[in-house]
Amino acid sequence: MKDQDRRTLLAMILALATYYVWSVFFIKPPEPAEIPVSGAPAVGTPDGTPAGTPGVLTAPAAQPAPDFSCTDARTTFGSAVRFELSDCGGIRKVEIPGYEAAIQVTPWWTWIWGRVTGTHSGGWAPYHSAGTAQNLASGRFAEAGAGDPLLASTGLWKIQPGTGESVEASYTTPNGVLIRRVLSATAEPDIYDLSWRWEAPAGAQGPFWVGLQEELVKTSGPYDPHLRLAAVVDDSLEQLHAPEDAAAGLVWDGPVSWIGLEDRYFVAALQPQDVLTDVRIATDAGGLTRAWVRATKESLTPGESVELRFRLYVGPKDVERMAALGGGLEKSANLGIFGFFSKILLFFLDLFYLGVKNWGIAIICLTFFVRASLYPIASRAFKSAKAMQVIQPMMKEIQEKYADDKERLNAELMKLFSEYKVNPFGGCLPMFVQMPVFFALYSALQVTPKLYHQPFWYIQDLSAPDPYGVFPAFMAVGMVVQQQLTPMTGMDPAQQRIMKFMPLMFALFMFTVPSGLAVYYAINTVLSILQQWHNMRSYSLSAPKPA
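A short tour of the structure in this document, coming up. Worth saying up front: this structure is predicted, and the values here are computed from it rather than measured.

Some remarks on helix 7 (residues 406-419)
The α-helix advances 3.6 residues per turn, and as a result positions three or four apart in sequence lie on the same side.
Line of reasoning, step 1. The terminal C-alpha atoms of helix 7 lie 20 Å apart, and with 14 residues this matches the ideal 20 Å at 1.5 Å per residue to within 8%.
Line of reasoning, step 2. If you check which residues of helix 7 are buried, you get L409, E412, L413, L416 and F417. The arc that holds the buried residues of helix 7, viewed along the axis, is 140°, so those residues lie on one side. More than 90 degrees from the buried face of helix 7, the exposed residues found are E407, M414, K415 and S418.

Structure follows, in structure tokens:
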């Protein structure tokens, strides 16, 4: 293998490792921007500090207490999506009964380490079913108020008996603003209409806001399973991975397409039907994160009212479904820079599933399809690699002859390649072609719920890691066999050691990804070995003739 080929191969390996580490551990959080949390003109305080100082979470100011209090009594509404409406305001649960909560996976190596350290007891159980429906809220989702969202008091929301099609609630704030909320089902089981109306008989000062509050945890990146705040603002996906980033106030500025809560595979998104200009976020010292959007009208004269209307989508991150609904919903399935290839692979994966009715077998069919599509490129690359191996003595002679003249050295090498019609980078072409396929499939299976809770053979959930480690280990063994079929002639000892560690590196990587991806690459490794064996029997190692 030529030096350029080895350097290119090492560069591809480093790119793979860098992409993985970057996507999982070093996703850059949104840049914090200090904002006036009240959205209203500052008023002087006794100590001389202006009220509503930008980015400062102040203690709630004294407000007239309402003449009633809430008890967190809940009313259930909906069937395909089940909401628990609290008399303290907002929605306390947003459940999807058709989807069970994520299965907890305990790999055998994690269990053994837990036994050693004392964090695990009892026998090994690779899968732990949650036994509950998928839930996308536990704080107060889709609440509303008038005035500073950080100082809003909690009073009794009067919830009217629902009709099955809609449910209404109302609340009178301490300063006399009547807020009416209507949640209505639509013909689409995953779509609801949600509206708020503020009425001020004596007039009122805003802002008039709709938002949510949730106790969020820090997430490691877009593939983390925990709940996080997300929005599409100015046609760009924003995600709050670290709630502490909003401790001083944070603003996502631009036209708001939607705001909501998401996890790895599901999303609850509020799509405003009116023009809203930004999303404002604040996390208090107790770890409670609040996010809200505001009506453009900032005050009401006596008898005036203002209304905000939303469309609420609750469901899986189905790219085709969300793209059809529009409004930037499909951006929640963040497919990354190789999203175009991801959609192609998902299309064929769906096509194969329609034929075999099993997602594991569909993945195997996809593997055969991809290998067959890349076979002509791989064959040409093998021929090029063989030709490079044949002219190695001539290359070495030139390198020794012009060791002190880099310019002449490169010119003579290019002349040699041209004379024998050898492409020095031909051997690396399959790797360049397969990189988009690898990242595209990795991204697709990490964020789309097609494999969610889907079994295959001994695997109960193809979207979760393989707790037995069978397919990752099988892939590692296959890579070792493949290395034995590829002599490392011309490599220095350091490069040979790196190549020998490659199976271990990939195996460790595959132990952490969805088992569906491990199935793909285990089968892909077997097909690569068979193809390489076929090429070695088909193409003799003879010297190419000069052009």
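Moving on from the model shown.
Notes on the pairing of strand 19 (residues 278-283)
Line of reasoning, step 1. For strand 19, a buried count of 6 out of 6 residues is recorded, marking the element as mostly surrounded by other parts of the structure.
Line of reasoning, step 2. Alternating residues of strand 19 divide into D278, R280 and A282 and V279, I281 and T283, and every residue in both groups is buried.
Line of reasoning, step 3. Pairing between strand 16 (residues 250-253) and strand 19: 4 bridges, direction antiparallel. In the strand pairing of strand 19, V251 is matched with R280.
Line of reasoning, step 4. In this structure, the hairpin formed by strand 19 and strand 20 (residues 288-294) is closed by a connection of 4 residues, where G287 is found at a positive phi of approximately 90°.

Observations concerning unusual backbone geometry
Line of reasoning, step 1. Cis rather than trans, the peptide bond between G206 and P207 has omega equal to 5°.
Line of reasoning, step 2. By secondary structure assignment, the location of P207 is in the loop between strand 12 (204-205) and strand 13 (208-215).
Line of reasoning, step 3. Phi is positive for A142, close to 60°, though the residue is something other than glycine.
Line of reasoning, step 4. Here A142 is to be found in strand 7 (residues 140-146).
Line of reasoning, step 5. Backbone geometry places D234, a non-glycine residue, at a positive phi of 55°.

Overview of the state of the cysteines
Should the sulfur atoms of two cysteines be covalently bonded, the bond is a disulfide.
Line of reasoning, step 1. Within this structure, the stated rule accounts for 1 disulfide.
Line of reasoning, step 2. Residue pairing for C70: its cysteine sulfur links by disulfide to C88, the two sulfurs lying 2.1 Å apart. With the S-S bond torsion at 95°, the cross-link from C70 to C88 turns out right-handed. Residue C70 is found in the loop between helix 1 (3-25) and strand 1 (74-77), and its partner C88 is found in the loop between strand 2 (82-86) and strand 3 (91-100); the two are separated by 18 residues along the sequence. Neither residue differs from the other here; C70 and C88 are each classed as buried.

Let's talk about the packing of aromatic side chains
Line of reasoning, step 1. Enumeration over the complete set of coordinates arrives at 30 aromatic pairs.
Line of reasoning, step 2. Three or more aromatic residues joined by ring pairs form one cluster here, namely Y223, F338, F340, F341, F438, F439, Y442, F509, Y520 and Y521.
Line of reasoning, step 3. Taking the ring centre of W157 as reference, the NZ or CZ of R181 above it sits at 5.4 Å.

Definitions and limits used
- Residues numbered from 1 in each chain as written.
- Predicted model: local features only at pLDDT ≥ 70, side-chain atom pairs only at ≥ 80, totals over all residues.
- Heavy atoms only, no water.
- Helix = DSSP H or I, 4+ residues; strand = E, 2+ residues; numbered from the N terminus.
- Expected span 1.5 Å × (residues − 1).
- Buried < 20%, exposed > 50% of the residue type's maximum accessible area, 1.4 Å probe, protein only.
- Arc of directions from axis to C-beta.
- Pairing = 2+ DSSP bridges.
- Disulfide = S-S within 2.5 Å.
- Phe/Tyr/Trp six-rings, centres within 6.5 Å; stacked < 30°, edge-to-face > 60°.
- Lys NZ or Arg CZ within 6 Å of the ring centre and 35° of its normal.

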